[in-house]
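# Structural description and commentary
Take a look at the letters that make up each chain.
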Amino acid sequence: MKEASTQENDNKLSVWYYAANKKVLDKAILHLTAVDISLDVDADRDGFVEKNNPNKNAWKWGPRGHGAVVLVNCDSETLYRRKPDYKRERILKSSDVKDMSPMVLRTKGPPKLPEGYKLVLHISQSDGENIRVFITSGERYPLVLNSEVLSKEIPYLGTDEIMFYVEGVSFPDKDFDGLVHINLSLLEPIGEGIPETPIFTDTVVFRVAPWIMTPNTLEPVEVFVCSTKDNYKFLSSMQSLVDRCGYKLNICYEYMNRGDRWMQDELEFGYIDSPHHSFPVVLDSPRNGKLDDFPYDVLLGPDFGYVTRVPSRKDVSSLDSFGNLEVSPPVTVNGKHYPLGRIIIGVAFPTASKGRNMTKMVQNFLWAQTVQEPIALYSDWLEVGHVDEFMSFVPAKDRKGFRLLLASPDAGYKLFKNLQNDGHGDAMLFEEIPDQDSISVNEILDDKQLQAENNYVQSCIDWNRDVLKRELGLDDEDIIDLPILFKLLEYRGQYRAAAYYPDMVNLIVLGRNLGIPKPFGPQVNGVCALEQEMVSLMGNLGLTCTFIDDFASYHKLLGEVHCGSNVRRAPFDFKWWNIEM
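Residues numbered from 1 in each chain as written. Predicted model: local features only at pLDDT ≥ 70, side-chain atom pairs only at ≥ 80, totals over all residues. Heavy atoms only, no water.

## Remarks on the side chain of Glu268
Secondary-structure assignment places Glu268 in strand S16 (residues 267-273). With no salt bridge to any partner, buried Glu268 finds its closest opposite charge in Arg569, at an N-O distance of 7.6 Å. A polar contact is formed between the side chain of Glu268 and the side chain of Gln264, at a distance of 3.3 Å. If we skip the residues at most four places from it in the chain, Glu268 touches Trp211, Met213, Val281, Val282, Leu283, Phe322 and Leu325. (Helix = DSSP H or I, 4+ residues; strand = E, 2+ residues; numbered from the N terminus. Buried < 20%, exposed > 50% of the residue type's maximum accessible area, 1.4 Å probe, protein only. Lys, Arg positive; Asp, Glu negative; His and termini not counted. Salt bridge = Lys/Arg side-chain N within 4 Å of Asp/Glu carboxyl O. Polar contact = N/O pair within 3.5 Å; in protein donor to acceptor, adjacent residues only side chain to side chain. Contact = heavy atoms within 4.5 Å.)

## Comments concerning the layout of surface pockets
For the largest pocket, the calculated volume is near 280 Å³. As for the largest pocket, its lining consists of 19 residues, and the residues nearest its centre are Lys487, Ala499, Tyr500, His555 and Lys556. Along the lines of polarity and charge, the residues of the lining of the largest pocket split into eight nonpolar, five polar and six charged. (1 Å grid on protein atoms, 1.4 Å probe; cavity = no way out; pocket = protein on both sides within 12 Å on 5 of 7 lines; lining within 4 Å. Points joined across faces, edges and corners; volume = space filled by probe spheres on them. Nonpolar A, V, L, I, M, F, W, Y, C, P; charged D, E, K, R; others polar.)

## What to know about a negative patch on the surface
Together, Asp426, Glu443, Asp446 and Asp447 line one region of the surface with negative charge. Along the chain, Asp426 turns up in the loop between helix H7 (409-421) and strand S26 (428-429). Residue Asp426 is classed as exposed on the basis of its relative accessible area of 64%. (Patch = residues over 30% accessible without salt bridge, like charges linked within 9 Å, V, L, I, M, F, W, Y side chains within 5 Å. Areas by Shrake-Rupley, 256 points an atom, 1.4 Å probe, with all protein chains shown as cover. Charge placed at Lys NZ, Arg CZ, Asp CG, Glu CD.)

## Quick word on the pattern of salt bridges
Counting across every chain of the model gives 33 salt bridges. In this structure, Lys400 engages Asp478 in a salt bridge whose closest nitrogen and oxygen atoms are separated by 2.7 Å. One end of the pair, Lys400, is in the loop between strand S24 (391-395) and strand S25 (402-408); the other, Asp478, is in the loop between helix H9 (448-472) and strand S28 (479-483), and 78 residues separate them in sequence. Residue Lys400 is classed as partly exposed on the basis of its relative accessible area, which comes to 32%. Sharing partners across several salt bridges, the network here consists of Asp40, Lys56, Arg106, Glu161 and Asp202.

## A closer look at the nonpolar core
If you look at the biggest cluster of nonpolar residues, it comprises 67 residues, and the most contacted ones within it are Phe390, Met391, Phe416 and Met538. Take this core: its biggest share by element is seven residues, from H9. Filtering out sequence-adjacent residues up to four positions away, Phe416 remains in contact with Leu429, Val441, Ile444, Leu445, Leu485, Tyr501, Pro522 and Leu530. Core analysis: the next-biggest nonpolar cluster, separate from the first, contains 64 residues, Ile154, Ile212, Tyr271 and Ile343 among them. (Core = buried A, V, L, I, M, F, W, Y, C linked by side-chain atoms within 4.5 Å.)

## Notes on the state of the cysteines
This model, assessed by the stated rule, comprises zero disulfides. No disulfide involves Cys245; its nearest neighbouring cysteine sulfur is the one of Cys545, lying 12 Å away. Unpaired in this structure, Cys460 has its nearest cysteine sulfur neighbour in Cys563, at a distance of 18 Å. (Disulfide = S-S within 2.5 Å.)

## Regarding empty space enclosed by the protein
For the coordinates displayed, the defined rule picks out four cavities of 30 Å³ or more. When its volume is computed, the largest cavity comes out at roughly 200 Å³. Contributing elements (two or more residues each) for the lining of the largest cavity: S16, strand S19 (325-327), strand S31 (508-510) and strand S36 (565-569). For the lining of the largest cavity, the element with the most residues is S36, which contributes four residues. The residue inventory of the lining of the largest cavity, partitioned by class, reads nine nonpolar, six polar and three charged. One number sums up the size of the second largest cavity: a volume of about 50 Å³. If you trace the second largest cavity, you find 13 residues lining it, with Asp85, Arg90, Ile91, Leu92 and Asp96 closest to the centre. Of the residues contributing to the lining of the second largest cavity, the split by class is four nonpolar, one polar and eight charged.

## As for the packing of H7 against helix H10 (residues 529-539)
Running from N to C, H7 and H10 point in directions that differ by 120°, and their axes come no closer than 11 Å. With respect to their mutual orientation, H7 and H10 come out oblique. Helix-helix and strand crossings are classified by hand; for H7 and H10 the assignment is right-handed. Here H7 contributes Leu415, Phe416 and Leu419 to the contact with H10, which in turn contributes Ala529, Leu530 and Glu533. For the contact of H7 with H10, the residue count by class is five nonpolar, no polar and one charged. (Axes fitted to C-alpha atoms, helices over the stretch in contact; angles between N-to-C directions. Parallel < 35°, antiparallel > 145°, perpendicular 65-115°, else oblique. Left-handed = near helix turned anticlockwise from the far one by under 90°.)

## Some details on unusual backbone geometry
With a phi angle near 50°, Arg258 is a residue other than glycine that sits in the positive phi range. Judged by relative accessible area, Arg258 falls into the partly exposed class, the value being 42%. The phi dihedral of Arg492 is positive, around 50°, even though this residue is not glycine. Mapped onto the fold, Arg492 is located in the loop between strand S29 (486-491) and strand S30 (494-499). What makes Arg492 exposed here is its relative accessible area of 73%.

In structure tokens form, the structure reads like this:
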């Protein structure tokens, strides 16, 4: 006979011994204490902590998967002496717990455990480097576990619940796959001088949410640009475009940017997401220009996170600026679906013994996020070395939902030859630009050195075209070639390419509206032939073109509209944990 225990040692189980004639020979009483213990998390990822999910101790990807999610608490609940909250010794505001994942200890049993028994919450040393655990105590949240405290006795309260909050402190990276385990053990005393023995352990698993980039096809939220002493015309045009599109323009003034206008190169916007909370997170590049303080001092704040990777200075090159970091829209490649797209970076040519590369520390971070598997393109052939100098994505209503735009010297020469054949060989480029020498279509076509340089550039772009077609599952119909010429610049004996006229592929995408560098191409009947071609190509996709004069303030400094701006976008509706791995 056995009954549920409600008190410690309540003699609920008796054993009787009988002889053959049913005479009672003896009896024994077993002193039992039954305790129901469960460490619970949101293992089914619906935003609520369910009781004793049988899959709570293992991670599985996909819509029918399991395992809880924890965010890196990388925002700052206060703007006073701001820093990521995971770097603070304690929780400053109760609102901070919304950035953490709830975990509940549920117990059912007698008011107290037998003498010497105790509950202990514990983690491994490696997991202690990546998470912290807080316990609810009235209106306070004392720290329970971290890298210095790997185990803690937890009070047993009989039939009750104790709320914990789990905080991520590290993003997935080369040496951290993102998985952490938290254990609760019931320890039994053995004897004086002998360590207790665990007689029961409950384990839960969390995966740290990855940092996720947002492609041009997602809805813009706000636009960022710099104000400098010489970019008033550019700034005015951007303000007009952003206002017309109905978004917010944020201007970083000179006291903060200190003359550094390259907003795209300094940072990349992304976000982190869990079933209970989500917020934007800025990735700060290691370029460390004069805009270096902007992401931390201005963007970091409540529900706006910050992350960076800082290699040794000798490892940093122009390829570590984030004009060299892009992401595709969602794609399917040979049956494998990438619902969050794929990250795109530029590196040196694979067989080159010398060349510039994105630093390994940043590459390792991007690869470790897992959900947007990176693609490496060859961009070291460019003087600045950024992928956004020869490629971009724009939304489309047909096919795959987007088009890949590629700079194409071949398309440029085709357009100029057609102009020449139509009797417009004397049409001039750069005519509208003060203090800039103009040049005719005929002169461009007669320049054999320029033609040779552009043949080289086209071969570099074609190599990348093949990679993009293969890695993104694209057909030729998914790609639009833009008429853009390049020239080679010499620096310390090395020749690399830069745009000959403003690089129209280096544009900003605001929904169905495009902000495009004004190319100042040959005028035919009062219309720029390059602009007319761009309007025709983009108009077929239902996109509206606005041409922005960035010639003096950006193009002559080897950048364009995209280089000088940045867009924070809404997150994907798709939840990263539902990816089928």
